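Here is what each chain is made of, one letter per residue.
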Amino acid sequence: NATQQQQQQQQQQGLQSVEVRLKEYSYTVPMRVDAPSIKTVFNQSPCYVSTEFMVNVGELVTGQRKVKDILGHYEQKWILKDINLVLKPGKTYLVMGPPS
């Protein structure tokens, strides 16, 4: 039992001594361009979403719209771009940015 505790302590110490380095790190996410810019109770409600879906299906069936128009247009949005970062062991970090 004492040996197991020593092994666990050694493993924990090993994990705490890892330093993470990022060089020129970038991260993007797909963002729907034609989505409502302001989310409201109305345009996020299940009733609104269902109605919009049925309208889109109707327009698709009648040939007024194409599938790609219904699915929306997505572009990549930079979340992090070319950052250099060093995370030291035993420290706590918080990354903050503007909402959206």
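Being a predicted model, the structure only gives us computed values, none of them experimental.

Describing the overall build of the protein chain
Alright, step 1. Helix and strand counts for the protein chain come out as four helices and two strands.
Alright, step 2. Moving toward the C terminus, one meets the helices and strands of the protein chain in the order α-β-α-α-α-β.
Alright, step 3. For the protein chain, with 100 residues in total, the buried portion stands at 5%.
Alright, step 4. Sequence separation of at least 24 residues holds for 84% of the intrachain contacts in the protein chain that already meet a minimum separation of 6.
Alright, step 5. By element, 57% of the accessible surface of the protein chain is carried by carbon and sulfur atoms, the whole surface being about 9100 Å².

Digging into the environment of D69
Alright, step 1. Mapped onto the elements of the fold, D69 is located in helix α4 (residues 67–71).
Alright, step 2. Look at D69 and you get partly exposed, because its relative accessible area is 34%.
Alright, step 3. In this structure the C-alpha to C-alpha distance between D69 and N56, which are 13 residues apart in sequence, comes to 9.0 Å.

Let's talk about helix α3 (residues 46–62)
Alright, step 1. For α3, with 17 residues, the first-to-last C-alpha span of 24 Å sits near the 24 Å given by 1.5 Å per residue.
Alright, step 2. In the segment just after α3, G63 is the residue with positive phi, at about 85 degrees.

Overview of the pattern of salt bridges
Alright, step 1. Counted according to the given criterion, the structure contains two salt bridges.
Alright, step 2. Across the salt bridge formed by E19 and R21, the nearest N and O atoms sit 2.7 Å from each other.
Alright, step 3. A relative accessible area of 59% means that R21 is categorised as exposed.
Alright, step 4. The closest approach of N and O atoms between E19 and K88, which form a salt bridge, is 3.2 Å. Here the residue E19 occupies a position in the loop between α1 (2–16) and β1 (20–32), and K88 occupies one in the segment after β2 (74–87), the gap between them amounting to 69 residues.

Remarks on the confidence of the model for the protein chain
Alright, step 1. Per-residue confidence for the protein chain averages 79 on the pLDDT scale, and 83% of its residues sit at or above 70.
Alright, step 2. When mean pLDDT is compared element by element in the protein chain, β2 scores highest at 89, while α1 scores lowest at 68.

Reading the values: the criteria
- Residues numbered from 1 in each chain as written.
- Predicted model: local features only at pLDDT ≥ 70, side-chain atom pairs only at ≥ 80, totals over all residues.
- Heavy atoms only, no water.
- Helix = DSSP H or I, 4+ residues; strand = E, 2+ residues; numbered from the N terminus.
- Buried < 20%, exposed > 50% of the residue type's maximum accessible area, 1.4 Å probe, protein only.
- Contact = heavy atoms within 4.5 Å.
- Areas by Shrake-Rupley, 256 points an atom, 1.4 Å probe, with all protein chains shown as cover.
- Expected span 1.5 Å × (residues − 1).
- Salt bridge = Lys/Arg side-chain N within 4 Å of Asp/Glu carboxyl O.
- pLDDT = per-residue confidence, 0-100.

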